[in-house]
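A closer look at the structure
The lines below spell out each chain.
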Amino acid sequence: LAPAGPATAVAGPAAAAARPALRRASACLVAPGNLRDGHYSQSIPGYADFGLTISGALALAATGDQNPVLKGIVGFLDSAGKDPHGDTVNTWTGIGTRFASGGSIGDEVLLAEVTGYSTRDFGGHNLISALNASVCAHASSGRDTSCAGAGNFSYATSVFDQALGVIAQLRAGQRTAAAAPVRFLESLRGSDGSFPSLIPDSHDRDVDSTAMAAMALALVPGAAAAADARTALAWIAGQQDSTGGFPGASGDSVNSAGLAIQALTLD
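Keep in mind that this is a model prediction, so the values were computed, not measured.

Relative to the assigned elements, Asp 107 resides in helix α6 (residues 102–114). The charged side chain of Asp 107 is buried without a salt bridge, its nearest counter-charge being Arg 171 at 11 Å. Here Asp 107 is in contact with Ile 54, Leu 58, Trp 92 and Leu 164, once residues within four sequence places are set aside.

Moving on: the nonpolar core. In terms of nonpolar packing, the biggest core is built from 62 residues, with Leu 77 and Phe 195 touching the most fellow members. Leave out the neighbours within four places in its chain, and Leu 77 touches Phe 50, Ile 54, Val 89, Leu 111, Phe 122 and Gly 123.

We now examine the packing of helix α8 (residues 159–171) against helix α9 (residues 175–187). Two elements in contact, α8 and α9, have axes whose closest approach is 9 Å; the angle formed by their N-to-C orientations is 155°. In terms of orientation, α8 and α9 fall into the roughly antiparallel class. The handedness of the crossing between α8 and α9 is left-handed. The residues of α9 that touch α8, namely those facing Val 159, Gln 162, Val 166, Gln 169 and Leu 170, are Arg 175, Ala 177, Ala 178, Pro 181, Val 182, Phe 184 and Leu 185. Looking at side-chain class alone, the contact of α8 with α9 contains 9 nonpolar, 2 polar and 1 charged residues.

All right, on to helix α3 (residues 50–63) then. End to end, α3 covers 20 Å across 14 residues, agreeing with the expected 20 Å (1.5 Å per residue, within 8%). Among all positions in α3, only Phe 50, Gly 51, Thr 53, Ile 54, Gly 56, Ala 57 and Leu 60 are buried. Contacts made by the buried residues of α3 are with α2 (22–30), β2 (47–48), α4 (67–78), α5 (89–93) and α6. The backbone nitrogen of Gly 51 lies 3.2 Å from a side-chain oxygen of the residue at the head of α3, namely Asp 49. Where α3 terminates, the next one or two residues include Gly 64, which has phi positive at roughly 70°.

On the secondary structure map, Gly 51 appears in helix α3. Look at Gly 51 and you get buried, because its relative accessible area is 15%. Residues Gly 51 and Tyr 155, 104 residues apart in the sequence, show an inter-C-alpha distance of 15 Å.

An ideal rise of 1.5 Å per residue puts 16 Å on 12 residues; α4 measures up with 16 Å between its terminal C-alpha atoms. Along α4, the residues classified as buried are Leu 70, Ile 73, Val 74, Phe 76 and Leu 77. Angular distribution of buried residues about the axis of α4 spans 155°; they occupy a single face of the element. The exposed set on the far side of α4, more than 90 degrees from its buried face, consists of Pro 68 and Lys 71. In this structure, the buried side of α4 is in contact with α3, α5 and α6. Following α4 by one or two positions, Ala 80 has its phi on the positive side, about 55°.

As enumerated under the stated definition, the model contains 3 salt bridges in all. Among the salt bridges present, the one from Asp 228 reaches Arg 189, with a minimum N-O distance of 3.1 Å. One end of the pair, Asp 228, is in helix α11 (residues 223–237); the other, Arg 189, is in the loop between α9 and α10 (207–217), and 39 residues separate them in sequence.

Mean pLDDT over the chain stands at 90; residues scoring 70 or higher make up 93%. Here residues 1–11 is modelled with pLDDT under 50, and outside its nearest four sequence neighbours on either side it reaches 3 contacts, counting other chains as well.

Here a disulfide denotes one covalent bond, and it connects the sulfur atoms of two cysteines. Applying the stated criterion across every chain, the model contains 1 disulfide. Each sulfur of the disulfide joining Cys 136 and Cys 147 lies 2.0 Å from the other. Between Cys 136 and Cys 147 the disulfide shows an S-S torsion of about -75°. By sign, it is left-handed. Separated by 11 residues along the polypeptide, Cys 136 in the loop between α7 (127–133) and α8 and Cys 147 in the loop between α7 and α8 bring together distant segments of the chain.

Reading the values: the criteria
- All residue numbers refer to position in the chain's written sequence, counted from 1.
- Only residues with pLDDT of at least 70 are given local features in this predicted model, and only at 80 or more are side-chain atom pairs given and counted; all residues enter the totals for whole chains, interfaces and linings.
- Side-chain measures were taken over the full set of non-hydrogen atoms in the model, leaving aside hydrogen atoms and water.
- Secondary structure elements are taken from DSSP: a helix is a run of H or I of four residues or more, a strand is a run of E of two residues or more, and numbering for both begins at the N terminus.
- Exposure classes here rest on a 1.4 Å probe applied to the protein chains alone. A residue is buried below 20% of its type maximum, exposed above 50%, and partly exposed in between.
- Asp and Glu count as negative and Lys and Arg as positive, but His and the ends of the chain are not part of the count.
- A pair is scored as a salt bridge if a Lys or Arg side-chain nitrogen falls within 4 Å of a carboxyl oxygen belonging to Asp or Glu.
- By definition in these notes, contact holds between two residues if any of their heavy atoms fall within 4.5 Å.
- Here, the term nonpolar core denotes a set of buried Ala, Val, Leu, Ile, Met, Phe, Trp, Tyr and Cys residues that are joined through side-chain atoms within 4.5 Å.
- Interaxial angles span 0 to 180 degrees and are taken between N-to-C directions of axes, which are lines fitted to C-alpha atoms, for helices over the stretch in contact.
- An angle below 35 degrees is read as roughly parallel, one above 145 as roughly antiparallel, one from 65 to 115 as roughly perpendicular, and any other as oblique.
- In this scheme, a crossing is called left-handed if the near helix is turned counterclockwise away from the far one by less than a right angle; it is called right-handed if the turn is clockwise.
- Gly is put with the polar residues, along with every residue not named as nonpolar or charged; the nonpolar set is Ala, Val, Leu, Ile, Met, Phe, Trp, Tyr, Cys and Pro, and the charged set is Asp, Glu, Lys and Arg.
- One less than the number of residues in a helix, times 1.5 Å, gives the span that helix is expected to have.
- Nitrogen and oxygen atoms within 3.5 Å of one another constitute a polar contact, given that in protein one can donate a hydrogen and the other can accept it, and given that sequence-neighbouring residues count only through two side-chain atoms.
- Here the arc refers to the set of directions running from the helix axis out to each C-beta atom.
- The predictor attaches a confidence to each residue, and that confidence, scored 0 to 100, is pLDDT.
- Our working definition of a disulfide is a cysteine sulfur pair at a distance within 2.5 Å.

Shown next, in the form of structure tokens:
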């Protein structure tokens, strides 16, 4: 935050209380109870939750005040470090198998990108090639539920995951490879600009998913995507309630408000 000017300066304890304590928040993320062995977060004792781990690492990359710890986390993932049950980040993404999850790979690509690691040699794999290879050519059939349609990332069953994959591809300069995933994402947009929660289309209207879709579409060149992003932002803005919050699938939540704010800063 920029220091306040003379006309708005506030002195004493009130000023300190008004400032967000990002360093304390970062310290909470890396506390031994939340970051196991300095390497991973967990939801179930003994098992690494690699999705939570990457989310926490992205937060640390944003604050920049726990870089030694961040380096340890990313290094653990990059070296295919194992949790007590032998799982690695590659177990979570399914990379290199027919069960590869494009949304999870996209999440890993984003972490490598923002921390300066090679996306083409991370965790023993070329993440960009794996992400591009996870784009479905057509809808799966029968018991195979991996693909909801052409352009869906394999096993990406939420708009959130689809948007993450698109963002990762476009940040990596993969415009051609991202064309089909972008079309699939745009096909999920409702007439009012909103996006549903799930893939196949769950026919609801979700603030979190719409925010993620808007952030992905904002990276897509061209007037059509820009228009879709604008209508998504307008819909999100219209969902703010009297408390200032934004309702998610389970009512007002910090998660939904945070994602809505991130998206609305695009406008």
